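Listed below, chain by chain, are the residues.
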Amino acid sequence: MKEITKEVYLKWYEDMLFWRKFEDKLAAVYIQQKVRGFLHLYNGQEAVLAGSLHAMDLSKDKMITAYRNHVQPIGMGEDPKRVMAELYGKVTGTSKGMGGSMHIFSPDKGFYGGHGIVGGQIPLGAGLAFADKYKKNNAVTLCYMGDGAVRQGSLHETFNLAMLWQLPVVFICENNGYAMGTSVERTSYSTDIWKLGLGYEMPCGPVDGMDPVTVAKEVSKAVERARSGGGPTFLEMKTYRYRGHSMSDAQHYRTKAEVEEYKKIDPITQVLDIIKENKYASEDEIKEMDANVKKKVLECEKFAEESSYPPVNQLYDMVYEQEDYPFIQHKS
């Protein structure tokens, strides 16, 4: 595993804080109806992404996930301005404003969505890994899902083929305790989700998903196994989301006391405490990082606000190539 240095901790802090504030801004503009449709926020789960990125080779590895997908492409190297513009439905967005909140894509950065169908990304993740193995790219795919998605039959079909073909893929369940508003205890006889891998003799195990160090260590092992030809791994990240399933979630299924208890192990606070304990940064330097984050978020908002909406004819351009379908008449 790559060493976790002072620089890594400082990057983790600034990245995770930016992801949190970026989505806080999205929540604010959603209330103003500047972002429409659904909005699923990642607040609380940032350690899973931070630790995973540390384990990846961003020059060739890939990532695919569900619809809680705004900050992952940013971590992979996408311009956050383009991500926010996509949520605004603007033409400068990652999918020219046609994907929206649930379908962020940035394939040139190795991020393949952003999928609205629960569990739909699981076989796609295996497909990406199959392509890399076939082409001998020596690349690994990280495929994320929520605890609700593991009830889908597609997971079992995919696990079987991934083991049969020894695909270079790491399956990661971000278990935040609730599939929408339904707790794991109400939907599963066994609450140890990681044990689903045992039926396929797939290496598997639970991970503290609130600690980026632990995540980095376990994902690194899985990535190294996959890259060396050892096949897939299934990791259950025990994490938590501080906001509702989506912005329309009234959260009647849990207490405020439960949320506050989990905030005591906030991944951002954990990293900041280590920075302070080891004197990796002074108070002034921390304040400067905080200010930089705030500035970046405002720049993203300004970019999205000032960008144009797509032209009407883009409805056709995103589906058909005009030279192949000359009978289609564009209307302004």
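Calculation criteria
Residues numbered from 1 in each chain as written. Predicted model: local features only at pLDDT ≥ 70, side-chain atom pairs only at ≥ 80, totals over all residues. Heavy atoms only, no water. Helix = DSSP H or I, 4+ residues; strand = E, 2+ residues; numbered from the N terminus. Rg over C-alpha atoms; globule rule 2.2 N^0.38 Å. Buried < 20%, exposed > 50% of the residue type's maximum accessible area, 1.4 Å probe, protein only. Lys, Arg positive; Asp, Glu negative; His and termini not counted. Charge placed at Lys NZ, Arg CZ, Asp CG, Glu CD. Patch = residues over 30% accessible without salt bridge, like charges linked within 9 Å, V, L, I, M, F, W, Y side chains within 5 Å. Areas by Shrake-Rupley, 256 points an atom, 1.4 Å probe, with all protein chains shown as cover. Salt bridge = Lys/Arg side-chain N within 4 Å of Asp/Glu carboxyl O. Axes fitted to C-alpha atoms, helices over the stretch in contact; angles between N-to-C directions. Parallel < 35°, antiparallel > 145°, perpendicular 65-115°, else oblique. Left-handed = near helix turned anticlockwise from the far one by under 90°. Contact = heavy atoms within 4.5 Å. Nonpolar A, V, L, I, M, F, W, Y, C, P; charged D, E, K, R; others polar. Core = buried A, V, L, I, M, F, W, Y, C linked by side-chain atoms within 4.5 Å. Pairing = 2+ DSSP bridges. Right-handed = clockwise from strand over helix to strand, strands pointing away.

Moving on to the overall build of the chain. In terms of helices and strands, the chain carries twelve helices and seven strands. For 332 residues, the compact-globule estimate of 2.2 N^0.38 gives 20 Å, and the C-alpha radius of gyration of the chain, at 20 Å, lies within 12% of that figure. With 332 residues in all, the chain has 50% of them scored as buried. Averaging the coordinates of the 41 positive side-chain charges in the chain and doing the same for the 45 negative ones gives two points 2 Å apart.

In this section: a negative patch on the surface. Residues Glu-283, Asp-284, Glu-285 and Glu-288 make up a contiguous surface patch of negative charge. Along the chain, Glu-288 falls in helix α11 (residues 283-306).

All right, on to unusual backbone geometry then. Residue Gly-114 is bonded to the preceding Gly-113 through a cis peptide linkage, with omega at 15°. With respect to the secondary-structure elements, Gly-114 resides in the loop between α4 (80-87) and α5 (121-135). For Gln-33, which is not glycine, the phi torsion reads 65° and is therefore positive. Within the secondary structure, Gln-33 sits in the loop between α1 (6-31) and α2 (46-55). Overall, Gln-33 belongs to the exposed group, its relative accessible area being 53%. Positive phi, close to 55°, is recorded for Lys-279, a residue that is not glycine. Among the secondary structure elements, Lys-279 is positioned in the loop between α10 (267-277) and α11.

Next up on the list: the packing of α1 against α4. For the pair α1 and α4, interaxial distance at closest approach is 12 Å and the crossing angle is 25°. Classified by the angle between their axes, α1 and α4 sit roughly parallel to one another. Relative to α4, the crossing made by α1 is right-handed. Residues Phe-18, Phe-22, Lys-25 and Leu-26 of α1 form the contact with α4, whose participating residues are Pro-80, Val-83, Met-84 and Leu-87. Here the residues of the contact of α1 with α4 sort into seven nonpolar, no polar and one charged.

Let's shift gears to the nonpolar core. Membership of the largest hydrophobic core comes to 62 residues, with the highest contact counts inside it found for Trp-12, Tyr-13, Trp-19, Leu-142 and Val-219. Element by element, the count of residues in this core is highest for α1, at 14 residues. In this structure Trp-12 touches Ile-4, Ala-50, Gly-51, His-54, Pro-212, Val-213, Ala-216 and Val-271, once residues within four positions along its chain are discounted. With 21 residues, the next largest nonpolar core counts Leu-128, Phe-159, Ala-162 and Phe-234 among its residues.

If you trace the backbone, Val-170 turns up in strand β3 (residues 169-175). Assessed through its relative accessible area of 0%, Val-170 is described here as buried. When sequence neighbours within four positions are dropped, the list of residues in contact with Val-170 reads Val-140, Thr-141, Leu-142, Cys-143, Ala-222, Val-223, Thr-233 and Leu-235.

Here we take up the pairing of strand β7 (residues 233-238). For β7, a buried count of five out of six residues is recorded, marking the element as mostly surrounded by other parts of the structure. Where β3 meets β7, six bridges bridge the pair, whose relative direction is parallel. Among the inter-strand pairings, Ile-172 is bridged to a residue of β7, identified as Leu-235. This β-α-β element, strand β6 (residues 204-208) to helix α8 (residues 212-227) to β7, shows right-handed connectivity.

Attention now moves to the pattern of salt bridges. When the charged atoms of two side chains lie near each other, side chains of opposite charge can form a pair. Inspection of the entire model under this criterion finds 15 salt bridges. Of the charged contacts, one joins Lys-195 and Asp-192 as a salt bridge, the two residues approaching to 3.3 Å between their closest N and O atoms. By relative accessible area, Lys-195 is classed as partly exposed at 37%. Across the salt bridge formed by Glu-260 and Lys-263, the nearest N and O atoms sit 3.8 Å from each other. Placement of the pair is Glu-260 and Lys-263 together in helix α9 (residues 256-263), with a separation of three residues, close to one helical turn. Each of the salt bridges in this network shares a partner with another, and the network as a whole consists of Arg-20, Glu-46 and Asp-266.

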